[in-house]
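# Fold and contact review
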Amino acid sequence: MVSYDHENPMDQAYQLRQLMEGPRPASPVNQRAHIIAVASGKGGVGKTQVAVNLSIALAARNYRILLLDLDMGLANADLVLGLESTASWSDLFDGRRELDDNIISGPGGLDFVPGASGVARMAGLSEFERHQLLAAVRRLESRYDLIVLDCGAGISPNVLTFAAAADTILVVTTPEPTAITDAYAAIKAFVWEQNNRGGVGQAAGIGLIVNMAESRREGRETFERLAGVAARFLHLPVNDYGYILRDEHVPAAVRQRHPVILHYPRCSACTCLMATAARLARELGQSQEPESLFYRVMNMFL
Ligand SMILES: Nc1ncnc2c1ncn2[C@@H]1O[C@H](COP(=O)(O)OP(=O)(O)OP(=O)(O)O)[C@@H](O)[C@H]1O
Ligand SMILES: [Mg+2]
């Protein structure tokens, strides 16, 4: 039996590594990071849980991961990570600091850039500031295998721009009809945004993850319903990134200010998260387009 020292993140990360299966890259996989924007229609569906725990699961496989809390104005990924810190975003926009200066070491070996909470100005960044932010992320592309953007809920200009810069937009929904309807509306907006940014380069792939499913079957049916509607009305393939079971270990870990994947790695939600991480690891193992999509999106601003 494995015993966990829940007070020691390093030990928890070690234990997680023992649980994770699959190849671990000994050297950088790609020339540049794959960018995943984690988004949703409805709020509170589990974006931050997905972004944080998938990032840790992949860091445990030795991928170089940068997680950015881009839920501008209402950031809270630091709390889920047990870190509680904010970044000096105004210094970044004033040109006095690089994004690099805001990176802190997170549990499990990931790098993390905290967001800003309660700062209304951050929720309404100007087009120029969004451009500055993405340019700063771009300067870090070569240092990571994966950059995960924890976006806010809905389709604000911030979210639409960050999603348009990603290689994969991972939309999180729950099986609730309201969440499904909002997820579909968000997907529609992401596609519209991509088409109206000049259609340069390859569009981001849209993936769906069904969180808080009561059963595998409910997760499956929710995916099929949404993917079916997107195929029929948007002619859009939606990729299946799996489901995560509703599991009380998730809120329990939040209350204890520990990432659930380190604190309760064997719980049912974490088993599902690890399956999604394994799928992402397979994708990361594949070679990237030689030209950075991120770079091409940047060109749209210039
Ligand atoms: N699989 C799950 N089982 C049970 N509870 C969950 C699960 N996933 C998330 N939760 C709970 O749902 C709440 C919202 O999760 P989270 O903060 O990740 O959502 P969010 O989409 O990032 O929210 P926001 O839109 O406010 O950014 C949290 O309190 C978390 O504990
Ligand atoms: Mg969130």
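Anyway, here's the lowdown on the structure attached to this text. The structure displayed is predicted, hence computed values, not measured ones.

What follows is about the overall build of the chain. The helix and strand tally for the chain stands at 13 helices and 8 strands. For the chain, the proportion of its 302 residues judged to be buried stands at 55%. Counted over contacts in the chain with a minimum sequence separation of 6, partners at least 24 positions apart contribute 80%. Accessible area for the chain stands at about 12900 Å²; split by element, carbon and sulfur atoms hold 52% of it.

What follows is about the environment of Leu273. Structurally, the position occupied by Leu273 is in helix H12 (residues 268-285). On the basis of relative accessibility, which here comes to 4%, the residue Leu273 falls in the buried class. Sequence-wise, Leu273 and Val50 are 223 residues apart; in three dimensions their C-alpha atoms are separated by 7.6 Å. Look past the residues within four positions of Leu273 in its chain and what remains in contact with it is Val50, Asn53, Leu54, Ile244 and Ile261.

Let us look at the sheet that holds strand S8 (residues 238-245). Each strand in a sheet pairs with its neighbour through backbone hydrogen bonds, running either in the same direction (parallel) or in the opposite one (antiparallel). Spatially, the 8 strands line up as an open sheet ordered S3-S4-S2-S5-S1-S6-S7-S8, and their pairing is mixed. Because the sheet does not close on itself, it has two edges, and the strands there are strand S3 (104-105) and S8. Pairing of strand S6 (residues 168-173) with strand S7 (residues 205-213) involves 6 bridges; the strand directions are parallel. Bridge pairing in S7 places Ile169 opposite Ile206.

Criteria and cut-off values
- Residues numbered from 1 in each chain as written.
- Chains lettered and ligands numbered in written order.
- Predicted model: local features only at pLDDT ≥ 70, side-chain atom pairs only at ≥ 80, totals over all residues.
- Heavy atoms only, no water.
- Helix = DSSP H or I, 4+ residues; strand = E, 2+ residues; numbered from the N terminus.
- Buried < 20%, exposed > 50% of the residue type's maximum accessible area, 1.4 Å probe, protein only.
- Contact = heavy atoms within 4.5 Å.
- Areas by Shrake-Rupley, 256 points an atom, 1.4 Å probe, with all protein chains shown as cover.
- Pairing = 2+ DSSP bridges.

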